[in-house]
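This is what each chain is made of:
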Amino acid sequence: SRSGPSLAPRHRAEALCFALASPPPYAPPMTVEPSAALVRGRFTATMPPSMALRAAMQLDDRMVITERTERIGDYDVVTAWLRLPGAEMSHRWLVVGWMEGTDLAVCSFRFVGDTDDLTPAERQWGNRLLARILMPQNFQAGVLPAFRLRGSRDGALPVFGPRPKS
């Protein structure tokens, strides 16, 4: 049951993560762990989001599998598949970023797997994820998308798909 309080997002990136939990919920066959961040005031308002994302995450070309920028609503939005160094499990991340003034907003989605390469299934489920959140109405300046998270006891973002093995 999804009883409990409903949590309002603090910023657009968090709202987009909440969108995946709204009906119908995003239900991939692999574990996907979302996170949202707002890096405040570290950039100029004219910096391209791809450059800001690379600077904030300290990315080099070897870590970037694919990257593209497109205009969505009022924002230039970068999406990138990343391969980040990790310990025992493979770490592939689908990252979405955009500038809101001098702030970099980022949604990241960790796809937990056991191979180093991005699989066709991960790419397919990543595309489904992007189709749910990269909508012009979610990127209107001055308007926070109206998604709320229901049933979260501690405000933690939900993990999608099967729970990771411990």
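K.L.:
How would you sum up the packing of aromatic side chains? Please name residues and give values.
P.N.:
Scanning the model with the defined rule gives five aromatic pairs in all. Ring plane angle 65 degrees and centroid distance 5.7 Å describe the contact between Y26 and W125, whose orientation is recorded as edge-to-face. Note that Y26 is positioned in the loop between α1 (12-19) and β2 (32-39) and W125 in helix α3 (residues 120-133), a separation of 99 residues in sequence. W125 sits in the buried class, given a relative accessible area of 17%. Ring geometry for W98 and F139: centres 5.0 Å apart, planes at 85 degrees, overall edge-to-face. With W98 in strand β5 (residues 90-100) and F139 in the loop between α3 and β7 (149-150), this pair connects stretches of sequence that are 41 residues apart. Like F139, W98 is buried. Feature note: the residues Y26, W125 and F160 constitute an aromatic cluster, connected by ring pairs. In this arrangement the basic side chain of R128 is found over the ring face of W125, its NZ or CZ atom lying 4.3 Å from the centre.

K.L.:
Please set out the pattern of salt bridges residue by residue, giving values where relevant.
P.N.:
Pairing of side chains with opposite charge becomes possible as their charged atoms draw close. Going through the model one piece at a time under the given rule, you end up with 11 salt bridges. D61 serves as the salt-bridge partner of R54, at 2.8 Å between the closest nitrogen and oxygen. Relative accessible area serves as the criterion here: at 60%, D61 is assigned to the exposed category. Its salt-bridge partner being R54, residue E67 comes within 2.6 Å of it at the nearest N-O pair. Pair noted here: E67 is in strand β3 (residues 64-72) and R54 is in helix α2 (residues 49-57), with a separation of 13 residues, a long-range link. Residues joined by salt bridges that share partners form a network here, namely R54, D61 and E67.

K.L.:
I'd love a proper account of the nonpolar core, names of residues and values included.
P.N.:
Generally speaking, a soluble globular protein has its nonpolar side chains buried in company with each other. Formed by 30 residues in total, the largest nonpolar core has its most connected members in V96, W98, F109, F111, L129 and I133. Of all the secondary-structure elements, those providing two or more residues to this core are α1, β4 (75-83), β5, β6 (103-113) and α3. In this structure, I133 is in contact with L16, A19, L20, V96, F109, N138 and F139, ignoring residues within four places of it in sequence. Within the second largest apolar cluster, 15 residues are counted, among which are L53, L59, V64 and L82.

Scoring rules and cut-offs
Residues numbered from 1 in each chain as written. Predicted model: local features only at pLDDT ≥ 70, side-chain atom pairs only at ≥ 80, totals over all residues. Heavy atoms only, no water. Phe/Tyr/Trp six-rings, centres within 6.5 Å; stacked < 30°, edge-to-face > 60°. Helix = DSSP H or I, 4+ residues; strand = E, 2+ residues; numbered from the N terminus. Buried < 20%, exposed > 50% of the residue type's maximum accessible area, 1.4 Å probe, protein only. Lys NZ or Arg CZ within 6 Å of the ring centre and 35° of its normal. Salt bridge = Lys/Arg side-chain N within 4 Å of Asp/Glu carboxyl O. Core = buried A, V, L, I, M, F, W, Y, C linked by side-chain atoms within 4.5 Å. Contact = heavy atoms within 4.5 Å.

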